[in-house]
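Results of the structural survey
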Amino acid sequence: MSKKFIIFASDTKLYGMAQLTSSTVQKIRVLLASWTSVRQKTHVFHWNITGSSFNELHKYFEELYDEAVNSMDSCAERLRQVGVFVEMSLKDAAELSVLGDAGFSTTDDREMVIDLIRSYAQLTALQNEIYSEADEVGDYVTADLMTQLSKTNELRSWFLSSWLGEQNQTQL
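Rules and cut-offs
- Residues numbered from 1 in each chain as written.
- Predicted model: local features only at pLDDT ≥ 70, side-chain atom pairs only at ≥ 80, totals over all residues.
- Heavy atoms only, no water.
- Axes fitted to C-alpha atoms, helices over the stretch in contact; angles between N-to-C directions.
- Helix = DSSP H or I, 4+ residues; strand = E, 2+ residues; numbered from the N terminus.
- Parallel < 35°, antiparallel > 145°, perpendicular 65-115°, else oblique.
- Left-handed = near helix turned anticlockwise from the far one by under 90°.
- Nonpolar A, V, L, I, M, F, W, Y, C, P; charged D, E, K, R; others polar.
- Phe/Tyr/Trp six-rings, centres within 6.5 Å; stacked < 30°, edge-to-face > 60°.
- Buried < 20%, exposed > 50% of the residue type's maximum accessible area, 1.4 Å probe, protein only.
- Contact = heavy atoms within 4.5 Å.

Between helix H1 (residues 22-48) and helix H2 (residues 54-81), whose axes approach to 8 Å, the crossing angle comes to 160°. Judged by the angle between their axes, H1 and H2 are roughly antiparallel. The hand of the H1/H2 crossing is left-handed. Grouping the constituent residues of the contact of H1 with H2 by class yields 16 nonpolar, six polar and three charged.

Given below as structure tokens:
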């Protein structure tokens, strides 16, 4: 399969960047929206956690929503690197996200953790789709980004599953 590249110059340097398909661009927008939903959901969990695991999960959820911001930024920056203008309101995020609206009202620690495990599984499934499309056209930067995001998702799912006292066998 032939590879498509966009070549552009900046001062004296030449850069060759793989051109993303419109399908891949749209999926990265959906991924950005989904990470935005996870960040919001995790922040709400951080605010509303109660019970004997309060301190532990309150701190961990803060770590997770901070990490989600980094994942959002990575997705948005990848789009900008290939020349796509990024717009993402909270309304856009709710409409585009594979997770749907981030609204979730519980103070039960187990329900929160299970919900986050499912969210990470959905993110990973989408990231795997993007990886496959990027790899097919030789866009190794996007493929690598999806690998790194999925690696972190699997680690987080393992931590959360271990907190539940279960093996990480999340089904979508």
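On to the packing of aromatic side chains. The final tally for this structure, using the stated rule, is four aromatic pairs. On the basis of an interplanar angle of 45° and a centroid distance of 6.4 Å, the ring pair of Tyr60 and Phe159 is categorised as tilted. With Tyr60 in helix H2 and Phe159 in helix H5 (residues 140-164), the pair connects residues that are 99 residues apart, well separated along the chain. Residue classification places Tyr60 among the buried positions, given a relative accessible area of 14%. Owing to a relative accessible area of 34%, Phe159 belongs among the partly exposed residues under this scheme. Ring geometry for Trp158 against Phe159: centres 5.2 Å apart, planes inclined by 50°, an arrangement best described as tilted. Linked through ring pairs, Tyr60, Trp158 and Phe159 together constitute an aromatic cluster.

It is the contact of H1 with H5, at a shortest axis distance of 13 Å, that shows an interaxial angle of 25°. With respect to their mutual orientation, H1 and H5 come out roughly parallel. In this structure, H1 crosses over H5, and the sense of that crossing is left-handed. The segment H1 lies against H5, with Ile28, Leu31 and Trp35 engaging Thr142, Met146, Leu149 and Asn153. Here the contact of H1 with H5 is composed, by residue class, of five nonpolar, two polar and no charged.

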